[in-house]
Every structure is written in structure tokens, then in C-alpha cells.
Amino acid sequence: MKLKVLLGEGVPPDESEDIPSSATISLYKGFNHKKVRINANVPLRIESKKEEERINLAIDNERGYEIQAAVVRVMKTRKTLQHNQLLSEVVGMLQRRFKPQFPHIKKIIEFLIDKEYLERSKEKKDVYLYVA
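Thresholds applied
- Residues numbered from 1 in each chain as written.
- Predicted model: local features only at pLDDT ≥ 70, side-chain atom pairs only at ≥ 80, totals over all residues.
- Heavy atoms only, no water.
- Salt bridge = Lys/Arg side-chain N within 4 Å of Asp/Glu carboxyl O.
- Helix = DSSP H or I, 4+ residues; strand = E, 2+ residues; numbered from the N terminus.
- Buried < 20%, exposed > 50% of the residue type's maximum accessible area, 1.4 Å probe, protein only.
- Pairing = 2+ DSSP bridges.
- Axes fitted to C-alpha atoms, helices over the stretch in contact; angles between N-to-C directions.
- Left-handed = near helix turned anticlockwise from the far one by under 90°.
- Contact = heavy atoms within 4.5 Å.
- Nonpolar A, V, L, I, M, F, W, Y, C, P; charged D, E, K, R; others polar.
- Parallel < 35°, antiparallel > 145°, perpendicular 65-115°, else oblique.

**Overview of the pattern of salt bridges**
For step 1, the next point in the chain: All told, the structure shown has four salt bridges when counted by the stated rule.
For step 2, the next point in the chain: Between R97 and E66 there is a salt bridge, and its shortest N-O distance comes to 3.5 Å. With R97 in the loop between helix 2 (83–94) and helix 3 (102–114) and E66 in helix 1 (residues 49–78), this residue pair connects regions lying 31 residues apart in the sequence.
For step 3, the next point in the chain: Note on E66: relative accessible area 28%, which makes it partly exposed.
For step 4, the next point in the chain: Ionic pairing is found between E110 and R120, a salt bridge with its closest N-O pair at 2.3 Å. Here E110, found in helix 3, pairs with R120, found in strand 4 (residues 118–120); they are ten residues apart in sequence, far enough to count as distant.
For step 5, the next point in the chain: Its relative accessible area of 34% is what places E110 among the partly exposed residues.

In C-alpha cells form, the structure reads like this:
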């Protein structure tokens, strides 16, 4: 059963050929059929895998900045804190926006240690000190 739902200008009459990019396709507004209903409000999924990966990478970068800010904010107020307490406070602070992953938080903490915002305690290795 073929239904004429779309109108095309510059479209080849043979269906086996590809439609050229210069062709214009529009919706036939006079379409009427008793048995067939067509929902034209369905969103199209145009994004490709590369685009999706690029978007996810940008989101991860933004979340990394938010995790950095949360870690620095917590350490600025507490000055010294154990690793598990720091993780729980950062997760508690960020859980309204997103659920941060523990390995990601650990990477951010190591990054902040390298940038000399934080340092490990010399007596206990699981205690962090805030460096002003």
C-alpha cells in the first residue's frame, strides 16, 4: 500500500536512485485516509556517534571543573580532611546536579595535589591538607 504523504521537487521518479541534495521535500497537507494515521511529530535522531562522543566529552570536562570547585570549597572550609570524608562531602554537594563517580573524584584530587592546591599529610596518607 503506497500513500502519497510527501511531495518532492527534483526527486527522481525511480525509487532505487538516491535523492540529490538539491531536491526539496515537503509534507502533503491534503493527505487524508480513513484507516492510516501518520504522526509527523516524531523527533529525528540526527546526531552521529562522533557528535555524541564529543558532547559526552564536553559534559565530562564541565563536570570535572565542578568537582574541582567542590573539592577546593570543602577543603578551604575544613583545612584537613580524611579521604572518605572528602569523598562523601563532595558527593553530597554535587548530587543535586549529577552523581559523580568516585574514580573521577580521585583523579581530580590527584590533579589538585599536582597543582599544589592540596597535599597529603606526612603522618597519615589518607588525610589531605589544604594549601592556601
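Okay, back to it.
**Description of the pairing of strand 5 (residues 127–130)**
For step 1, the next point in the chain: Examined bridge by bridge, strand 3 (residues 80–82) and strand 5 share three bridges and lie antiparallel to one another. For Q82, the partnering residue across the bridge sits in strand 5 and is V127.
For step 2, the next point in the chain: Here strand 4 runs beside strand 5; their pairing, made up of three bridges, is antiparallel. For L118, the partnering residue across the bridge sits in strand 5 and is Y130.
For step 3, the next point in the chain: Here strand 4 hands over to strand 5 after six residues, the two strands then running antiparallel side by side.

**Focus: the packing of helix 1 against helix 3**
Two quantities define a packed helix pair, namely the angle between the helix axes and the distance between the axes.
For step 1, the next point in the chain: Viewed as axis vectors pointing N to C, helix 1 and helix 3 meet at an angle of 65°, and their least axial separation amounts to 10 Å. In the crossing of helix 1 with helix 3, the sense of the turn from one axis to the other is right-handed. Judged by residue contacts, D60, G64, I67, Q68, V71 and V72 of helix 1 engage H104, I105, I108, I109, F111 and L112 from helix 3.
For step 2, the next point in the chain: Looking at the contact of helix 1 with helix 3 residue by residue, the class counts come to eight nonpolar, three polar and one charged.

**Focus: the packing of helix 1 against helix 2**
For step 1, the next point in the chain: Two elements in contact, helix 1 and helix 2, have axes separated by 10 Å at closest approach and are oriented at 125°. Taken together, the axes of helix 1 and helix 2 are oblique relative to one another. The handedness of the crossing between helix 1 and helix 2 comes out as right-handed. On the side of helix 1, the interface is formed by E66, I67, A70, V71, R73, V74, M75 and R78, while helix 2 contributes L86, E89, V90, M93 and L94.
For step 2, the next point in the chain: Counted by class, the contact of helix 1 with helix 2 contains nine nonpolar, no polar and four charged residues.

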